[in-house]
Amino acid sequence: AHLEESGGGLVAPGGSLRLTCTAFGVGYKMYTMAWYRQAPGRQREHVATIGETIAGNVFYSDAVKGRFTISKGESVNVVHLQMDNVKPEETAVYYCNVDGQETYFTAREHYWGQGTQVTVSS
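First, a word on what this report is: a plain description of the structure on this page. (Residues numbered from 1 in each chain as written. Predicted model: local features only at pLDDT ≥ 70, side-chain atom pairs only at ≥ 80, totals over all residues. Heavy atoms only, no water.)

Attention shifts here to the overall build of the protein chain. The helix and strand tally for the protein chain stands at zero helices and 11 strands. Walking the protein chain from its N terminus toward its C terminus, one meets helices and strands in the order β-β-β-β-β-β-β-β-β-β-β. Every one of the 122 residues in the protein chain was classed for burial, and the buried ones make up 43%. Counting only contacts in the protein chain whose residues sit at least 6 apart along the sequence, the fraction spanning at least 24 positions is 54%. In the form shown here, the protein chain has an accessible surface area of approximately 6,400 Å², with 49% of it arising from carbon and sulfur atoms. Taken together, the 10 basic and 12 acidic charged side chains of the protein chain have centroids lying 5 Å from each other. (Helix = DSSP H or I, 4+ residues; strand = E, 2+ residues; numbered from the N terminus. Buried < 20%, exposed > 50% of the residue type's maximum accessible area, 1.4 Å probe, protein only. Contact = heavy atoms within 4.5 Å. Areas by Shrake-Rupley, 256 points an atom, 1.4 Å probe, with all protein chains shown as cover. Lys, Arg positive; Asp, Glu negative; His and termini not counted. Charge placed at Lys NZ, Arg CZ, Asp CG, Glu CD.)

Shown next as structure tokens:
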């Protein structure tokens, strides 16, 4: 199984960006899909999580609540992160995470993408 992120790049403060993550090979169950970020010199932190259904429960960190939106794509193995009114301090590598099982017989585990760089700067 692997995850592929896309959509990162340079965005001006106050601007918007949409990240996309596609999960491949987690065929049996995806309990949650989530986004984390890691800024230089800082620990990885949670950004947002969405539950397993198309209209799954969502959770946001206090730092992004009201500005970021996590949602499922047309397929349940795709998740988006819409980032609005971004701030310079949100410059970081953004990682996709899936809590799931590849098959009925495999263990539940967390899968991580390679990350996509988001730079907020004028």
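Below, the discussion takes up unusual backbone geometry. You will see that Asn 85, though not glycine, has its phi angle at about 50°, which is positive. Here Asn 85 shows up in the loop between β8 (78-83) and β9 (92-101).

With respect to the helices and strands, Arg 18 occurs in strand β3 (residues 17-24). Between the C-alpha atoms of Arg 18 and Lys 72, which are 54 residues apart in sequence, the distance is 12 Å. If near-sequence neighbours (up to four positions away) are discounted, Arg 18 is found in contact with Ser 6, Gly 7, His 80, Leu 81 and Gln 82.

This part is about the pairing of β8. Most of β8 is tucked away, with five of its six residues classed as buried. In this sheet, β8 lies alongside β3 in antiparallel orientation, the contact comprising six bridges. Counterpart to Leu 17 in the pairing with β8 is Met 83. Relative to β8, strand β7 (residues 68-72) runs antiparallel, the two sharing five bridges. Residue pairing for β8: Thr 69 is matched across the bridge by Gln 82. Following β7, the chain reverses through five residues before pairing antiparallel with β8. (Pairing = 2+ DSSP bridges.)

Let's shift gears to the environment of Thr 32. Its location among the elements puts Thr 32 in strand β4 (residues 29-38). Taking C-alpha positions, Thr 32 is 6.6 Å from Thr 49, a pair spaced 17 residues apart along the chain.

This part is about the pattern of salt bridges. Applying the stated criterion to the full structure yields six salt bridges. For Glu 52, the salt bridge is made with Lys 29, and the minimal N-O distance between the two is 3.3 Å. Of the two residues, Glu 52 sits in the loop between β5 (45-51) and β6 (58-60) while Lys 29 sits in strand β4, which places them 23 residues apart along the sequence. What makes Glu 52 partly exposed here is its relative accessible area of 37%. Notably, a salt bridge pairs Glu 45 with Arg 37, separated by 2.6 Å at the nearest N-O pair. Taken together, the salt bridges that share partners define one network made up of Arg 37, Glu 45, Arg 67 and Glu 90. (Salt bridge = Lys/Arg side-chain N within 4 Å of Asp/Glu carboxyl O.)

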